[in-house]
Amino acid sequence: MKVTIIGTGYVGLTTAVVLAYLNHDVAAVDKDNNKLNLLHTGESPIHEPGIQDLIDNVGHTIRFTSRFDEVVPDAELIMIAVGTPPKKSGEADTRHVEDAAKEVAQFCDPDKHYTLVIKSTVPIGTNRRVAEVVNEVFSQRKIQGDVSITSNPEFLQEGLALQGAFYPDRIVVGANSDNAIEALRRLYKPILEQTFDPPSWLPRPPSYHLPPMMTTDPNSAEMIKYAANTFLALKISFINEIAGLCEEVEADVTEVARGIGLDSRIGHRFLRAGLGWGGSCYPKDTAALLGVAAQAGYEMPITAAARTVNFQQRKRIVEKLRAVLKTLHGKRIGILGLAFKPNTDDIREAPSLDIIRQLVAEGAKVTVHDPIAMPNTHKLLHDIQINFVEDVYQLSYNADALVLVTEWELYHRLELRKLAKQMKTPILIDGRNVFSPQEARSAGFHYIGIGR
Ligand SMILES: NC(=O)c1ccc[n+]([C@@H]2O[C@H](COP(=O)([O-])OP(=O)(O)OC[C@H]3O[C@@H](n4cnc5c(N)ncnc54)[C@H](O)[C@@H]3O)[C@@H](O)[C@H]2O)c1
């Protein structure tokens, strides 16, 4: 199929390379010339495992451009995958989605039918708003235009984006027309039937079952995305709330999570106590859902509480440090990990940012390490004084404490004895419960985890 994708961020670029790999004829539009320049030289503007391999393999077949007029008229299916950042009020800002829809409508051929797919995460009812925007442009152009608006929310997880794209749990399509559903079914046929040859580095999991394509109305599809993210976010906040109580009553939250996760109704996933969630989705999407609810005059205390618990975790880590060091002023603190989760360079809403700002505000001298996300952090925290080190062991020289914030695989294999030896006071705050307390203690650390 001839597909045009608008936005080449984490979602748009992943979708573009995967659809190209599946032999679709793909074009991708972005207004960010820095991203386009990198893509024109065959380089990925984001860090995502496997994405560079796919760009090397099929990138040359994708037309990356800033010009809608070059890639809209001929397309059969157009996907909007632009950002929907939070407004100050927390509500999702759909301006980029509407701008993209206007540009599309500007260049649609009046004699052709198009399926316009909203892949961005958007407040419930945006599909109607996009239809209005498109029709307004058509009436300015004095044309009829023929566009079916469809909601196709994206469920990828950064760090595992390609796995999620090739082997999704489900595909959700919200549409009012059979034509649009048929177009999406054709687009995803190789995935729905798993007829493609997997990339050698991403084999089909042996236990993988063919994914269902669930079709529903557009509003429900939009709600499915918010409800899914909110449910996952509150599962994590729930175990973090239990972790806090475990600390008070001398129970171990990792044991508790193991015990409750064995219940098949609960399951093990998303039950790891730690510093809580960050990133470009859960903070923004839970706030946006509360915004949708407020507009509808409806209260959502569970969602609100999940957010409160989550952001408290960041403060609690600093409280733990303060309690053990007495004062943070002048103390040297090493931060292990900046990205909001491993295997991504994304630092949007990362817990590390709040923790670092709080430590610096209290007079601590902060040194940080991350295998991938240091350049992005440097850009964002340019207003405060922190040291970046390339060698993770440099974090511990003369340090008063180390705080593990992101559970990169690299950190699991650290030589704890070597780190502890170099420190002024060997204190390790394990914000993700990565280390065994016994091993950390026998390596010489005063070990403090979360809920254990
Ligand atoms: N990142 C994730 O893990 C994830 C997962 C699921 C859903 N989503 C949702 O998908 C959407 C995109 O997220 P992302 O993380 O890929 O965002 P992103 O910020 O990484 O990328 C968005 C891209 O859209 C481009 N853009 C914005 N307006 C444009 C316009 N008018 N024309 C052309 N290009 C334009 C930007 O330049 C940018 O490159 C959001 O709604 C997000 O909530 C994200």
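One can find the structure itself at the top, above this paragraph.
Position numbers for residues count from 1 along each chain, tracking the sequence in the order it is written. Local features in this predicted model are restricted to residues whose pLDDT is 70 or higher, and side-chain atom pairs enter the listing and the counts only when it is 80 or higher, whereas totals over whole chains, interfaces and linings include all residues. Excluded from the side-chain calculation are hydrogens and water; included are all heavy atoms of the structure.

1. Considerations on the overall build of the protein chain
The helix count covers DSSP runs of H or I at least four residues long, the strand count covers runs of E at least two residues long, and both are numbered beginning at the N terminus. Looking only at helices and strands, the protein chain features 18 helices and 14 strands. Dimensions of the protein chain along its principal axes, counting C-alpha atoms only, are 75 × 50 × 45 Å. Taken across its 452 residues, the protein chain has 53% of its residues classed as buried. By definition, residues are in contact when any of their heavy atoms lie within 4.5 Å. Here the contacts in the protein chain between residues at least 6 apart in sequence split such that 73% fall between residues at least 24 apart. All accessibility values rest on the Shrake-Rupley procedure with a 1.4 Å probe; residue burial counts only the protein chains present in the view. When the accessible surface of the protein chain is split by element, carbon and sulfur atoms take 50% of a total near 20600 Å². All tallies of charge rest on Lys and Arg as positive and Asp and Glu as negative; His and the ends of each chain are not included. Each charge is placed at NZ for Lys, CZ for Arg, CG for Asp and CD for Glu. Distance from the positive charge centre (49 side chains) to the negative charge centre (55 side chains) of the protein chain: 5 Å. With a 1.4 Å probe rolled over the protein chains alone, any residue whose accessible area is under 20% of its type maximum counts as buried; one over 50% counts as exposed, and the rest are partly exposed.

2. What to know about empty space enclosed by the protein
Here a cavity denotes grid points, spaced 1 Å and computed from the protein atoms alone, that fit a 1.4 Å probe unable to get out, and a pocket denotes an open set having protein on both sides within 12 Å along at least 5 of 7 lines; residues with an atom within 4 Å of a point are the lining. Grid points are joined across faces, edges and corners, and a volume is the space filled by probe spheres set on the points. Per the counting criterion, the structure on display carries two cavities of 30 Å³ or more. If you add up the space inside the largest cavity, you get close to 50 Å³. Lining the largest cavity are Asn-240, Ala-243, Gly-244, Glu-247, Gln-313, Arg-316, Ile-317, Lys-320 and Ile-450. Those elements that provide at least two residues to the lining of the largest cavity are helix H10 (218–249) and helix H13 (301–325). Grouping the amino acids of the lining of the largest cavity by side-chain chemistry returns three nonpolar, three polar and three charged. The space that makes up the second largest cavity amounts to roughly 30 Å³. Ile-118, Ser-120, Thr-121, Val-122, Ser-151, Pro-153, Glu-222 and Lys-225 together form the lining of the second largest cavity. Under the grouping applied here, Gly and all other residues not named as nonpolar or charged are polar, the nonpolar ones being Ala, Val, Leu, Ile, Met, Phe, Trp, Tyr, Cys and Pro and the charged ones Asp, Glu, Lys and Arg. In the lining of the second largest cavity, the residues fall into three nonpolar, three polar and two charged.

3. Considerations on the site of the ligand
We call a residue near a given molecule or strand whenever any one of its heavy atoms falls within 4 Å of it. Neighbouring the ligand are 25 residues, the closest being Asp-30, Lys-35, Thr-84, Glu-158 and Lys-284. The backbone of Tyr-10 places a nitrogen or oxygen atom 3.0 Å from an oxygen atom of the ligand. Contact distances for the ligand include 3.5 Å between a nitrogen atom and a backbone N or O atom of Lys-31. Compared with its free state, where it exposes 830 Å², the ligand has 91% of that area covered by protein. A class-by-class count of the residues in the shell around the ligand yields eight nonpolar, eight polar and nine charged. A 3.5 Å cut-off defines polar contacts: any pair of N or O atoms within that distance qualifies, except that in protein one atom must be a possible hydrogen donor and the other a possible acceptor, and neighbouring residues in sequence count only when both atoms are side-chain atoms.

4. Structural notes on the packing of helix H1 (residues 10–21) against helix H3 (residues 51–58)
Where H1 contacts H3, the two axes come as close as 10 Å, and the packing angle between them is 45 degrees. It follows from the interaxial angle that H1 and H3 lie oblique. As for the relative orientation of H1 and H3, their crossing is left-handed in sense. Contact residues: Leu-13, Thr-14, Val-17, Val-18, Ala-20 and Tyr-21 in H1; Ile-51, Leu-54, Ile-55, Asn-57 and Val-58 in H3. For the contact of H1 with H3, the per-class residue count stands at nine nonpolar, two polar and no charged. Axis lines are fitted to C-alpha atoms, over the contacting stretch for helices. Their N-to-C directions set the angle, which ranges from 0 to 180 degrees. Should an angle fall under 35 degrees it is taken as roughly parallel, and over 145 as roughly antiparallel, whereas 65 to 115 is taken as roughly perpendicular and any remaining angle as oblique. Crossings are sorted by hand: turned counterclockwise from the far helix by less than a right angle, the near helix makes the crossing left-handed, and turned clockwise it makes it right-handed.

5. Some remarks on helix H2 (residues 33–40)
Capping of H2 at its N-terminal end is provided by Asp-32; its side-chain oxygen lies 2.9 Å from the backbone amide nitrogen of Asn-34. Within two residues after H2, Gly-42 carries a phi angle of roughly 80 degrees, on the positive side.

6. Observations regarding the layout of surface pockets
Its volume calculated, the second largest pocket comes out at about 220 Å³. Forming the boundary of the second largest pocket are Lys-87, Glu-91, Ala-92, Thr-94, Pro-123, Ile-124, Gly-125, Thr-126, Ala-288, Gly-291, Val-292 and Gln-295. Element by element, the count of residues in the lining of the second largest pocket is highest for helix H12 (residues 282–295), at four residues. A per-class count over the lining of the second largest pocket returns five nonpolar, five polar and two charged.

7. Details of the sheet that holds strand E14 (residues 446–448)
Here a strand pair is declared whenever DSSP counts at least two bridges between the two strands. As summarised here, the arrangement of the six strands in space is E11-E10-E9-E12-E13-E14, forming an open sheet in which the pairing is parallel. In this open sheet, the two edge strands, each paired with only one partner strand, are strand E11 (386–388) and E14. Ignoring strand direction, the axes of neighbouring strands in this sheet form an average angle of 20 degrees. Looking at chain direction, strand E10 (residues 365–369) and E11 are connected through three bridges and run parallel.

8. Looking at the pattern of salt bridges
Here, a salt bridge means any side-chain nitrogen of Lys or Arg that lies within 4 Å of a carboxyl oxygen of Asp or Glu. Tallied over the entire structure, the rule returns 24 salt bridges. When the shortest N-O distance is used, the salt bridge between Asp-69 and Arg-67 registers 2.6 Å. Overall, Arg-67 belongs to the partly exposed group, its relative accessible area being 42%. Salt-bridge contacts for Asp-400 lead to Lys-424; the nearest nitrogen and oxygen are separated by 4.0 Å. Taken together, the positions of Asp-400 in the loop between E11 and strand E12 (401–404) and Lys-424 in the loop between helix H17 (416–422) and strand E13 (427–430) put the pair 24 residues apart, joining distant regions of the chain. Here Lys-424 falls in the exposed class, since its relative accessible area comes to 57%. Look at the salt bridges and you will find they share partners, linking Arg-63, Arg-67, Asp-69 and Glu-70 into a network.

9. Quick word on the nonpolar core
For our purposes a nonpolar core is just a set of buried Ala, Val, Leu, Ile, Met, Phe, Trp, Tyr and Cys residues, chained together by side-chain atoms within 4.5 Å. The biggest cluster of nonpolar side chains holds 60 residues, and the ones touching the most others in it are Leu-321, Ile-333, Ile-335, Leu-359 and Phe-445. With residues up to four places along the chain from it excluded, the contact list for Ile-333 reads Leu-321, Leu-325, Leu-359, Ala-364, Lys-365, Val-366, Thr-367, Ala-401 and Val-403. Core analysis: the second largest hydrophobic core is formed by 46 residues, Phe-64, Val-117, Tyr-188 and Tyr-208 among them.

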